[in-house]
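# A closer look at the structure
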Amino acid sequence: MKLTVLGATGGIGRQLVTLALADGHLVTAAVRDPARLPLRHDRLTVVKADALDAASLEPVVAGADAVLSAIGQAGRRDPLEPASNSARAAAAAMTATGVRRLLVVSAAPLNRSGAGQPLLAAKAFGPLLWAVLRDVYTDLEAMEGVLRASDLDWTAVRPPRLTDRPGRGRYRHAVESGPAGSTVPRADVARAMLDLVTDPTSFRHAVGVSS
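Computed from a predicted structure; not experimentally measured. Position labels on residues start from 1 in each chain and follow its written sequence. Residue-level local features of this predicted model are given only where pLDDT is at least 70; pairs of side-chain atoms are given and counted only at 80 or more, and the full residue set underlies all totals for whole chains, interfaces and linings. Excluded from the side-chain calculations are hydrogens and water; all other atoms, namely the structure's heavy atoms, are used.

### Describing the environment of A49
- Secondary structure counts use DSSP, requiring at least four H or I residues in a row for a helix and at least two E residues in a row for a strand, with both numbered from the N terminus. Within the element layout of this structure, A49 appears in the loop between β3 (44-48) and α2 (54-61).
- Put simply, A49 and D33 are 16 residues apart on the chain and 8.4 Å apart in space, counted from C-alpha to C-alpha.

Listed below in structure tokens is the structure:
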């Protein structure tokens, strides 16, 4: 497939690029600073673009089979609200260019019902995390709202606490539920996103992913 990766210099974004290339896909990596992505491959094109600007994204997403975004806030508070604003820009650019498939990284605490999660995570850790990281999750919640209001074939992948452990290449996932586990390597989140690209059961749904 021809894939466009947004946020390709972040932890999950780099994994998306690396694994997609290993899978044999053609990858366009959209980044603010190409120098921060030193990867070189004959199936990789690195393009400077502003992921918060639809006009900047249009030539980057045009012709893609799918767009995968790993954009989110780097800290507890980001006035740019990158998750929701990048979703708006991507949705507009994809609509303008006729691209339909979009996958984004969200977070487990957005599963407010607690369906499929351990009781302690749902009733104790979830509310605590919302109290500490409210701005981050509010931005992600707005992002999911943008997707639900669009007519794109989107998927929001909701991992729990991310780690830099080596990926195992396997994970648990549940549509509109979970995740069942409390952690997951960034590499396995990327693996899940790539696996879900062609899975119609994930279209227009949030999917919990964990180890």
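Following the structure, the description resumes.
### A short note on helix α6 (residues 186-196)
- Partly exposed describes any residue whose relative accessible area lies between the buried limit of under 20% and the exposed limit of over 50%, with all areas from a 1.4 Å probe on protein chains only and scaled to the type maximum. In terms of burial, α6 is a largely internal element, nine of the 11 residues being buried.
- A187, D188, V189, A190, R191, A192, M193, L194 and L196 are the residues of α6 that are buried.

### Section: the packing of α2 against helix α3 (residues 82-97)
- A fitted line through C-alpha atoms represents every axis, and for helices the fit uses only the stretch in contact; the resulting angles, taken between N-to-C directions, go from 0 to 180 degrees. Taken N-terminus to C-terminus, the directions of α2 and α3 make an angle of 50°; their axes are 8 Å apart at the nearest point. The angle between the axes of α2 and α3 places the two elements in the oblique class. Read as a crossing pair, α2 and α3 show a hand that is right-handed. Seen from α2, the contacting residues are A54, L57, E58 and V61; seen from α3, they are A89, A90, A92, A93, M94, A96 and T97. Throughout this description, any angle smaller than 35 degrees is read as roughly parallel, any larger than 145 degrees as roughly antiparallel, any in the 65 to 115 degree range as roughly perpendicular, and the remainder as oblique. By the definition used in this description, the sense in which the near helix is turned from the far one sets the handedness, with an anticlockwise turn below a right angle giving left-handed and a clockwise turn giving right-handed. The contact criterion used throughout is that any non-hydrogen atoms of two residues lie within 4.5 Å.

### Things to note about the sheet that holds strand β5 (residues 101-105)
- Pairing in this open sheet of eight strands is mixed, and the strands run β3-β2-β1-β4-β5-β6-β10-β8 from one edge to the other. Bordering the open sheet on either side are β3 and β8 (172-175), each of which pairs with just one other strand. Strand-to-strand twist of the sheet, defined as the mean angle between neighbouring strand axes without regard to direction, takes the value 20°.
- For two strands to be treated as a pair, DSSP must find no fewer than two bridges joining them. Pairing analysis gives five bridges linking strand β2 (residues 26-31) to β3, with the strands arranged parallel. Bridge pairing in β3 links V27 to L44.
- Of the strands in this sheet, β1 (2-6), β2, β3 and β4 (66-69) are in contact with α2, which crosses β1 at around 150°.

### Details of the packing of α3 against helix α5 (residues 134-149)
- Closest axis-to-axis distance for the α3/α5 pair is 7 Å, and the angle between their directions is 20°. With respect to α5, the axis of α3 lies roughly parallel. At the point where α3 passes α5, the crossing takes the right-handed sense. Along the contact surface, α3 presents P82, A83, S84, A87 and R88, while α5 presents D139, L140, A142, M143, V146 and L147.
- When residues are sorted by character, Ala, Val, Leu, Ile, Met, Phe, Trp, Tyr, Cys and Pro go into the nonpolar class, Asp, Glu, Lys and Arg into the charged class, and all the rest, Gly among them, into the polar class. A per-class count over the contact of α3 with α5 returns eight nonpolar, one polar and two charged.

### Comments concerning the pairing of β4
- Across the two faces of β4 the burial is the same, with A66 and L68 and V67 and S69 all buried.
- Where β1 meets β4, four bridges bridge the pair, whose relative direction is parallel. Within the sheet, the bridge partner assigned to T4 lies in β4 and is V67.

### A short note on the nonpolar core
- Ranked by internal contacts, the top residues of the largest apolar core, which has 33 residues, are L6, L57, V67, M94, L102, Y137 and L140.
- Of all the secondary-structure elements, those providing two or more residues to this core are α2, α3, β5, α5 and β6 (153-158).
- Here this core gets seven residues from one element, more than from any other, and that element is α3.
- Contact partners of L140, with chain neighbours within four places excluded, come to A83, V105, S106, A107 and L110. Definition of nonpolar core: a set of buried residues of the types Ala, Val, Leu, Ile, Met, Phe, Trp, Tyr and Cys, connected through side-chain atoms within 4.5 Å.

### Remarks on a nonpolar patch on the surface
- Nonpolar side chains (Val, Leu, Ile, Met, Phe, Trp, Tyr) are joined into patches within 5 Å and like charges within 9 Å, using only residues with over 30% relative accessible area and no salt bridge. Only the protein chains shown count as cover for residues, and all accessible areas are computed by the Shrake-Rupley method using a 1.4 Å probe. Salt bridges are identified by distance alone: a Lys or Arg side-chain nitrogen within 4 Å of an Asp or Glu carboxyl oxygen. Judged by side-chain polarity, F125, L128, L129 and V132 come together as a nonpolar surface patch covering roughly 350 Å² of accessible area.
- With respect to the helices, strands and loops of the structure, L128 is situated in helix α4 (residues 119-132).

### Focus: the pairing of β6
- The element β6 is extensively covered by neighbouring structure, given that six of its six residues are classed as buried.
- Here β6 shows two buried faces, one formed by D153, T155 and V157 and the other by W154, A156 and R158.
- As judged from the four bridges shared by β6 and strand β10 (residues 205-210), these two strands associate in the parallel manner. Directly across from R158, in β10, lies its bridge partner G208.

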